[in-house]
Amino acid sequence: MAPAITTLAADAPELSAANTGFMLICSALVMLMTPALAFFYGGMVRVKSTLNMLMMSFISLGIVTILWVLFGFSLAFGTDVGSIIGWSSDYVGLSGIGVTELWDGYTIPVYVFAAFQLMFAILTPALISGALADRVKFTAWALFITLWVTVVYFPVAHWVWGAGGWLFEMGVIDFAGGTAVHINAGAAALGVILVIGKRVGFKKDPMRPHSLPLVMLGAGLLWFGWFGFNAGSWLGNDDGVGAVMFVNTQVATAAAMLAWLAYEKIRHGSFTTLGAASGAVAGLVAITPSGGAVSPLGAIAIGVIAGLLCAMAVGLKYKFGYDDSLDVIGVHLVGGVLGSLLVGLFATGGVQSDAKGLFYGGGLEQLGKQAVGVIAVLAYSLIASAILALLIDKTMGMRVSEDDEVSGIDQVEHAETAYDFSGAGGGASSRSTAAPAPAVTENKKVDA
């Protein structure tokens, strides 16, 4: 039996119905985040790419679920092998796990822990897709997900969260995924776009979001699901740490949204809905690694810093010429780096652990550990992801043709369109008794 499974010793914890139920709810909330992300990204692209953007998230639900059951859970959370990867035969196919066997040191079943972590594994590659909008073959994307979670996500999850993982043993704090999820996905996005290049018309054509209501809906659902993502990562409700994380999640997100909007108003003269949504996500990203180590006042500071710096970072793509379609690098990579490093400044030593940051008398020790985690995950994911993208591009091709990209990837890759405009402008049954105006009606059809 794998060491991570609790034995039936007399002093072993007992299954808690309350914690088990709580974690199942949190797992469902995290699952909701992937469709929420699909709406968030789907509203940010042009009409002709909407369905492809939705599908790039949804396909992760299918692929990663199967891989997780077959071997992913074993690689990420099995018995440590060299501090780099895990492996436990009991976890292969989830076939050797008893129904009531508990996750080591906790009061929830192994099955519940596996389900909760599965939802993280699904969401992470879906985050990458926002950087690649409009131009990637769907088959190539599906293959990339398959290879990426196997080569990058499963090992990194073990480094950060697995018993024996080298970053875990070093003492790097990542409560719910600043390194393993957001830096990992953001660095991967940068690696892939450096290989596949820019969209046709980048910096020339307007590429405005086609549906800001969809963006706001997606952002709201992400915010909602993130409470399960963050508060659930303590794996129970017995000591109040999850409650602190819940409060800090709300506080930091609110602060980041306000900071982004203030920056936008000063810089561009307007408060935009896209800015509100992006600011909220930046705050959620930044508090993810840090919220279990800081106070609510620290969460406000982290939210403000993330809101301001992520708002500034989204413009870097125009300065440096990389086409990050939906600001995955500016929000998730930069937000993840900030949230992870700020643990080293704002950790109070009185929440999830006794580790203190610089501002609470802890010196630079924790900041140094956080920096090692940031650099290691960023470098590995960037390089490995670029290599995977290059291999796919050189074999089956990663991008659709230029003509297909211009005409619309939805029709080419999915044989569908997001909206049916065939009835736009009204038909014969809806016209008034006034004389028809064929030329105007025809023009409306062409414009739609």
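Below: a short report on this structure. For every chain, the first residue of the written sequence is number 1, and numbering continues from 1 onward in sequence order. Note on the predicted model: pLDDT of at least 70 is required for a residue's local features to be given, and 80 or more for side-chain atom pairs to be given and counted; whole-chain, interface and lining totals, by contrast, use all residues. The basis for the side-chain values is all heavy atoms of the structure; hydrogens and waters are excluded.

Side note on the environment of Lys 319
Piece 1. Turning to its location among the elements, Lys 319 is positioned in helix H11 (residues 316-320).
Piece 2. Along the primary structure Lys 319 and Thr 65 are separated by 254 residues, whereas in three dimensions their C-alpha atoms are 38 Å apart. Per the convention used, a helix needs a DSSP run of H or I reaching at least four residues, while a strand needs a run of E reaching at least two, with both numbered from the N terminus.

Structural notes on the pattern of salt bridges
Any two side chains of opposite charge can pair, on the condition that their charged atoms come close.
Piece 1. What makes a salt bridge here is a side-chain nitrogen of Lys or Arg within 4 Å of a carboxyl oxygen of Asp or Glu, nothing more. What the rule picks out here adds up to 7 salt bridges.
Piece 2. Linking Glu 365 and Lys 369 is a salt bridge whose minimum nitrogen-to-oxygen distance equals 3.5 Å. You can see Glu 365 and its partner Lys 369 sitting in helix H13 (residues 365-395), 4 residues apart, about one turn around the helix.
Piece 3. Relative accessibility decides the category of a residue: with a 1.4 Å probe and only protein chains considered, values under 20% of the type maximum give buried, values over 50% give exposed, and everything between is partly exposed. Owing to a relative accessible area of 54%, Glu 365 belongs among the exposed residues under this scheme.
Piece 4. The closest approach of N and O atoms between Arg 399 and Glu 405, which form a salt bridge, is 2.7 Å.
Piece 5. With relative accessibility at 22%, the residue Arg 399 sits in the partly exposed group.

Looking at the packing of aromatic side chains
Piece 1. For Phe, Tyr and Trp, rings pair up if their centres lie within 6.5 Å, where Trp contributes its six-membered ring, and each pair is then called stacked (planes under 30 degrees apart), edge-to-face (over 60) or tilted (otherwise). Scanning the entire structure with this criterion turns up 25 aromatic pairs.
Piece 2. Where Trp 68 meets Phe 154, the ring centres are 5.8 Å apart and the plane angle is 55°; that geometry is what we call tilted. Of this pair, Trp 68 sits in helix H2 (residues 50-77) while Phe 154 sits in helix H4 (residues 138-161), and the two are 86 residues apart along the sequence.
Piece 3. Ring geometry for Phe 77 and Trp 103: centres 6.2 Å apart, planes at 85°, overall edge-to-face. Taken as a pair, Phe 77 in helix H2 and Trp 103 in the loop between strand S2 (85-86) and helix H3 (110-128) lie far apart in primary sequence, 26 residues in all. Exposure class is identical for Phe 77 and Trp 103. Each is buried.
Piece 4. Three or more aromatic residues link up through ring pairs in this structure, and these residues are Trp 68, Phe 71, Phe 73, Phe 77, Tyr 91, Trp 103, Phe 113, Trp 148, Tyr 153 and Phe 154.

Quick look at unusual backbone geometry
Negative phi is the rule for most residues except glycine; trans is the rule for most peptide bonds.
Piece 1. Phi angles above zero are rare outside glycine, and Asp 134 is one such case at about 85°.
Piece 2. Counting through the fold element by element, Asp 134 comes out in the loop between H3 and H4.
Piece 3. Looking at Asp 134, the relative accessible area reads 3%, which means it is buried.
Piece 4. The phi angle at Leu 235 is positive, at roughly 65°, despite the residue not being glycine.
Piece 5. With respect to the helices, strands and loops of the structure, Leu 235 is situated in the loop between helix H7 (212-231) and helix H8 (241-268).

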